[in-house]
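These are the residues of each chain, in order.
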Amino acid sequence: MKILNITTALTLVSTLYATEIYTVDDLILKALENSPELHISSANYEASKSRYTLANANYRPTLDLLVSAGEGGQNNVPTKPNDMVNDSIILGKLSVEQLIYDFGKTSSNSESFKYDSQSYANSYKQQISDKKKEVRSAYYHVLQNIALINVNTENIKLNEAQLYRSQKYFDAGIKTKIDISDAKVELIKSKLDLKKSQYDLKLSYAELDRVIGFKNINNNYEVYAKKLDLAHLYNSLTEYDLALKDAIEFAYTNRYELKKQTANVSTSKANSQVAASEYYPSLYFNADYTKQHVDTFKNIVPKNQWQASVNLNWNIYQGGAKDALTQEKKIQVDIAQSNLQYSRLLIKTQTTQAYLNVYKAKDSVELSQSLLKVSNEKFHQASQRYEYGLSDFIELQQARQGYIDAMASLVIDYYNYYNSIAVLDNAIGK
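Residues numbered from 1 in each chain as written. Predicted model: local features only at pLDDT ≥ 70, side-chain atom pairs only at ≥ 80, totals over all residues. Heavy atoms only, no water.

**A few points about helix H4 (residues 105–171)**
Spacing of three or four residues puts side chains on the same side of an α-helix, whose turn is 3.6 residues.
Right, on to step 1. End to end, H4 covers 98 Å across 67 residues, agreeing with the expected 99 Å (1.5 Å per residue, within 8%).
Right, on to step 2. Backbone geometry just after H4 places Gly-173 at a positive phi near 80°. (Helix = DSSP H or I, 4+ residues; strand = E, 2+ residues; numbered from the N terminus. Expected span 1.5 Å × (residues − 1).)

Listed below in structure tokens is the structure:
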């Protein structure tokens, strides 16, 4: 029984401290759940829906109830014409008001809030798209640093092997002691590079935490990172399936920023119509019913009374404020339309740049792949030349460093390619 309890405890502890492995899709879901800026944007959208509901309330009647109780005094009462007579008064009044027609003021105001809510909705969706791109970029940066650690680890192995070989050559009297010193220097430099890359990985995880919205000081997770086959990286690249023209058209149709600006144009037009309607009257139906209870005044105060009327409210002149407001709203329409056109131009530019960067990165991977192959061949040739005494340590070191640099460049270009795809997807609203 004791052994069973110990086993259960160890299982619980291992579960509590188990490292979670997250894919990029897992991280995106976490970011959508935890991101403070997305919560703010979502709250702004919900508030805009409430404002739209509030604007629509003007279509419905307003109902008011007044109940009061108090004391009152009155002279010239028929029963006591020379005295001030006091009495208790209980009053209840029910009033209703219904808009009949206001020349489009209420409908335009309601449309303004409807399109304003659509603008907030598209702004929220655009932020979600931006957050996905941000997560992918941070994720690929972590993967890049993991791969660079592997490159630097390989560099240390090569330098350790070279130090061992230099020591053997020196012991055999083939090489001088300076080669041992050079090998030690290169080994220390490679260890320093590894240490820097390890800190870079920690920093990239910290940035990933910020992007996702992880608040804990220590987050026990790792990203899913498959081992790279450096010899065939270019052939493993995922092709992008849209031509530039199709990508731009896709962006015009799906980019949420453009939909937001389109909604803003509709909002400004509705606001202009609201301002124009201020020149016209508003027609209302009003009705109220009053019930009173008194004792002494019951012969002169009506017990029940009602009233119904149709009222016309019309502000004839307001010191030029209507003209100024109408002109301002017309200018706002022009500004919103200009912002829409500017957004189209900006989205076209962003899409074009992002599209070209994808193929720029792809070409870089292809050339880096070729560079790695040639650098590897050069390094092996330099190793043989050094072994046969046909070259010095400097030539060998340069060839080895060129090989390591080519590996690092290939890794960086590889993840730049996928990051550029994430940027392009974001640019077109995919």
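**Here we look at the layout of surface pockets**
Right, on to step 1. Size it by volume and the largest pocket reaches roughly 650 Å³.
Right, on to step 2. For the largest pocket, the lining is made up of 27 residues, of which Ala-147, Lys-226, Lys-227, Leu-228 and Tyr-415 are closest to its centre.
Right, on to step 3. Among the elements of the structure, H4, helix H8 (321–387) and helix H9 (393–428) are those that each provide at least two residues to the lining of the largest pocket.
Right, on to step 4. Ranked by residue count, the leading element in the lining of the largest pocket is H4, at eight residues.
Right, on to step 5. Taken as a whole, the second largest pocket spans an internal volume of roughly 350 Å³. (1 Å grid on protein atoms, 1.4 Å probe; cavity = no way out; pocket = protein on both sides within 12 Å on 5 of 7 lines; lining within 4 Å. Points joined across faces, edges and corners; volume = space filled by probe spheres on them.)

**Brief notes about the environment of Ser-204**
Right, on to step 1. Position of Ser-204 among the secondary structure elements: in helix H5 (residues 177–212).
Right, on to step 2. Looking at Ser-204, the relative accessible area reads 2%, which means it is buried.
Right, on to step 3. Along the chain, Ser-204 and Ala-138 lie 66 residues apart, while their C-alpha atoms are 7.0 Å from each other.
Right, on to step 4. Filtering out sequence-adjacent residues up to four positions away, Ser-204 remains in contact with His-141, Val-142 and Asn-145. (Buried < 20%, exposed > 50% of the residue type's maximum accessible area, 1.4 Å probe, protein only. Contact = heavy atoms within 4.5 Å.)

**Topic: the packing of helix H2 (residues 24–34) against H4**
Right, on to step 1. Between H2 and H4, the shortest axis-to-axis distance is 10 Å and the interhelical angle comes to 135°. Taken together, the axes of H2 and H4 lie oblique to each other. In terms of crossing hand, the pair formed by H2 and H4 is right-handed. Contacts between H2 and H4 involve Val-24, Leu-27, Ile-28, Ala-31 and Leu-32 on the former and, on the latter, Ile-128, Lys-131, Lys-132, Val-135, Arg-136 and Tyr-139.
Right, on to step 2. The residue makeup of the contact of H2 with H4, split by class, is eight nonpolar, no polar and three charged. (Axes fitted to C-alpha atoms, helices over the stretch in contact; angles between N-to-C directions. Parallel < 35°, antiparallel > 145°, perpendicular 65-115°, else oblique. Left-handed = near helix turned anticlockwise from the far one by under 90°. Nonpolar A, V, L, I, M, F, W, Y, C, P; charged D, E, K, R; others polar.)

**A look at the confidence of the model for the protein chain**
Right, on to step 1. With 92% of its residues at a pLDDT of 70 or more, the protein chain has an overall mean of 89.
Right, on to step 2. Taking the mean pLDDT of every element in the protein chain, the minimum, 45, falls on helix H1 (residues 2–16) and the maximum, 96, on helix H6 (residues 244–254).
Right, on to step 3. Low pLDDT, under 50, characterises residues 6–17; the stretch is placed with one contact to residues that sit more than four places away or in other chains. (pLDDT = per-residue confidence, 0-100.)

**Things to note about a nonpolar patch on the surface**
Right, on to step 1. On the surface, Ile-100, Tyr-101, Phe-103, Tyr-279, Tyr-280, Phe-285 and Val-310 cluster together into a nonpolar patch covering about 670 Å² of accessible area.
Right, on to step 2. Structurally, Ile-100 can be placed in strand E3 (residues 85–101). (Patch = residues over 30% accessible without salt bridge, like charges linked within 9 Å, V, L, I, M, F, W, Y side chains within 5 Å. Areas by Shrake-Rupley, 256 points an atom, 1.4 Å probe, with all protein chains shown as cover. Salt bridge = Lys/Arg side-chain N within 4 Å of Asp/Glu carboxyl O.)

**Notes on unusual backbone geometry**
Right, on to step 1. Phi angles above zero are rare outside glycine, and Phe-103 is one such case at about 55°.
Right, on to step 2. A residue is classified by how much of its surface remains accessible, and Phe-103, at 39% relative accessible area, is partly exposed.

**Structural notes on the side chain of Gln-126**
Right, on to step 1. Assignment of secondary structure puts Gln-126 in helix H4.
Right, on to step 2. Side chain to side chain, Gln-126 and Arg-255 meet in a polar contact 3.2 Å long.
Right, on to step 3. Ignoring anything within four residues of it in the chain, the contact list for Gln-126 reads Arg-255, Tyr-256, Glu-257 and Asn-426. (Polar contact = N/O pair within 3.5 Å; in protein donor to acceptor, adjacent residues only side chain to side chain.)

**As for empty space enclosed by the protein**
Here the idea is plain: a probe the size of a water molecule rolls over the atoms and shows the empty space left.
Right, on to step 1. The final tally for this structure, using the stated rule, is one cavity of 30 Å³ or more.
Right, on to step 2. Of the pockets and cavities examined, the largest cavity occupies roughly 30 Å³.
Right, on to step 3. Lining of the largest cavity is provided by Ser-129, Lys-132, Lys-133, Arg-136, Ala-422, Asp-425, Asn-426 and Lys-430.
Right, on to step 4. Looking at the lining of the largest cavity, the elements with two or more residues in it are H4 and H9.
Right, on to step 5. Counting residues per element, the lining of the largest cavity draws most heavily on H4, at four residues.

**Let's talk about the packing of aromatic side chains**
Right, on to step 1. Under the defined criterion, the tally for this structure stands at 14 aromatic pairs.
Right, on to step 2. By way of ring pairs, the aromatic residues Tyr-139, Tyr-140, Tyr-414, Tyr-415, Tyr-417 and Tyr-418 are connected into one cluster.
Right, on to step 3. If you follow Lys-114 out to its NZ or CZ, it ends over the ring of Tyr-115, 4.8 Å from the centre. (Phe/Tyr/Trp six-rings, centres within 6.5 Å; stacked < 30°, edge-to-face > 60°. Lys NZ or Arg CZ within 6 Å of the ring centre and 35° of its normal.)

**Structural notes on the nonpolar core**
Right, on to step 1. With 71 residues, the main nonpolar core has Leu-27, Leu-208 and Val-223 as its most contacted residues.
Right, on to step 2. Of all the elements in the fold, those that place two or more residues in this core are H2, H4, H5, strand E4 (221–223), H6, helix H7 (256–277), H8 and H9.
Right, on to step 3. Counting residues per element, this core draws most heavily on H9, which supplies 18 residues.
Right, on to step 4. Apart from the residues lying within four places of it in its own chain, the contact partners of Leu-208 are Leu-27, Val-135, Ala-138, Tyr-139, Val-142, Tyr-221 and Val-223. (Core = buried A, V, L, I, M, F, W, Y, C linked by side-chain atoms within 4.5 Å.)

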